[in-house]
Amino acid sequence: EKFSGCTDKGHFYFGVEGGRAFIEKRVDESGETGRRMLIYFVWQESWSSLFSSKKFVQGKMCYQRCEPGSQPLTGDQARFFARQYRIESGRLEIAEEEEEVPSMMPPDHFQEMFDMSE
C-alpha cells in the first residue's frame, strides 16, 4: 500500500522504480531526500496474537543503499544493510539505527531485536 503511489509518509518517502521498492529518508524539512534503501527482503520476527487489543508486527528490512537514479553496487563490492521496523495500529516506525549484514541472506544473529514499542 505505501509503495503503490510513491507517497510521502512523515520522515520517509516510499516508491517503486524499475520494479524495485525503495524508501528514501528525509534529510531536512525542505523535503530533500538522502540515499535510497532498495528493499529486497523483509523479516517478520514477531507479531501480536489474534485476540490482542494492541495489534503489531515487527522485524527487519534488508536493503542495499544507492543514490536516487543510480544502481547499487554489485558482485564483490555489493553491501547489504538492515533496519528494524515496527507496525502498530497502522503506524510504521523505522529505526534510525542501521546494521550492515555480511551477505544478501543474513546470519542467524540478525534476528536479535531491540524494544521499539511505545
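As shown above, the structure is provided for reference.
Residues numbered from 1 in each chain as written. Predicted model: local features only at pLDDT ≥ 70, side-chain atom pairs only at ≥ 80, totals over all residues. Heavy atoms only, no water.

A word on the pattern of salt bridges
According to the stated counting rule, one finds six salt bridges in the structure shown. Where Glu98 meets Arg83, a salt bridge forms, and the shortest distance between an N and an O atom there is 3.9 Å. Linking Glu98 in the loop between strand E7 (91-94) and strand E8 (99-101) with Arg83 in strand E6 (residues 80-88), this pair joins segments that are 15 residues apart in sequence. The partly exposed category is assigned to Glu98, whose relative accessible area is 32%. A residue is classified by how much of its surface remains accessible, and Arg83, at 10% relative accessible area, is buried. One salt bridge connects Arg86 with Glu88, and the closest N-O pair in it is separated by 2.8 Å. (Salt bridge = Lys/Arg side-chain N within 4 Å of Asp/Glu carboxyl O. Helix = DSSP H or I, 4+ residues; strand = E, 2+ residues; numbered from the N terminus. Buried < 20%, exposed > 50% of the residue type's maximum accessible area, 1.4 Å probe, protein only.)

Section: the nonpolar core
Generally speaking, nonpolar side chains in soluble globular proteins are found buried as a group. Grouped together as the largest cluster of nonpolar side chains are 11 residues: Phe12, Phe14, Ile23, Met37, Ile39, Val57, Met61, Tyr63, Phe81, Tyr85 and Ile94. Among the secondary structure elements, those contributing two or more residues to this core are strand E2 (12-17), strand E4 (33-47), strand E5 (56-66) and E6. No other element matches the three residues that E5 contributes to this core. Leave out the neighbours within four places in its chain, and Phe81 touches Met61, Cys62, Tyr63, Arg65, Glu98, Glu99, Glu100 and Val101. Grouped together as the second largest cluster of nonpolar side chains are six residues, Cys62, Ala78, Ala82 and Val101 included. (Core = buried A, V, L, I, M, F, W, Y, C linked by side-chain atoms within 4.5 Å. Contact = heavy atoms within 4.5 Å.)

Considerations on the side chain of Gln84
Within the secondary structure, Gln84 sits in strand E6. By relative accessible area, which is 2% here, Gln84 ends up buried. Contacts of Gln84, omitting those with residues within four sequence positions, involve Gly59, Lys60, Glu93, Ile94, Ala95, Met113, Phe114 and Met116.

Structural notes on the side chain of Arg83
Among the polar contacts listed, one links the side chain of Arg83 to the backbone oxygen of Ala95, at a separation of 3.2 Å. Among the polar contacts made by the side chain of Arg83, one reaches the main-chain carbonyl oxygen of Glu96 at a distance of 3.2 Å. If sequence neighbours within four positions are ignored, Arg83 has contacts with Lys25, Met37, Gly59, Lys60, Met61, Tyr63, Ile94, Ala95, Glu96, Glu97 and Glu98. (Polar contact = N/O pair within 3.5 Å; in protein donor to acceptor, adjacent residues only side chain to side chain.)

A closer look at the packing of aromatic side chains
Under the defined criterion, the tally for this structure stands at three aromatic pairs. For the pair Tyr40 and Phe80, a centre-to-centre distance of 5.7 Å together with 75 degrees between the ring planes defines the contact as edge-to-face. Placement of Tyr40 in strand E4 and of Phe80 in strand E6 is noted, with a sequence separation of 40 residues between them. Its relative accessible area of 23% is what places Tyr40 among the partly exposed residues. Here Tyr63 and Phe81 contribute two aromatic rings whose centre-to-centre distance is 6.1 Å and whose plane-to-plane angle is 25 degrees, an arrangement assigned as stacked. Taken together, the positions of Tyr63 in strand E5 and Phe81 in strand E6 put the pair 18 residues apart, joining distant regions of the chain. Here the two residues Tyr63 and Phe81 agree in accessibility, since each one is buried. The ring centre of Phe56 lies 4.3 Å from the NZ or CZ of Arg86, which sits over that ring. (Phe/Tyr/Trp six-rings, centres within 6.5 Å; stacked < 30°, edge-to-face > 60°. Lys NZ or Arg CZ within 6 Å of the ring centre and 35° of its normal.)

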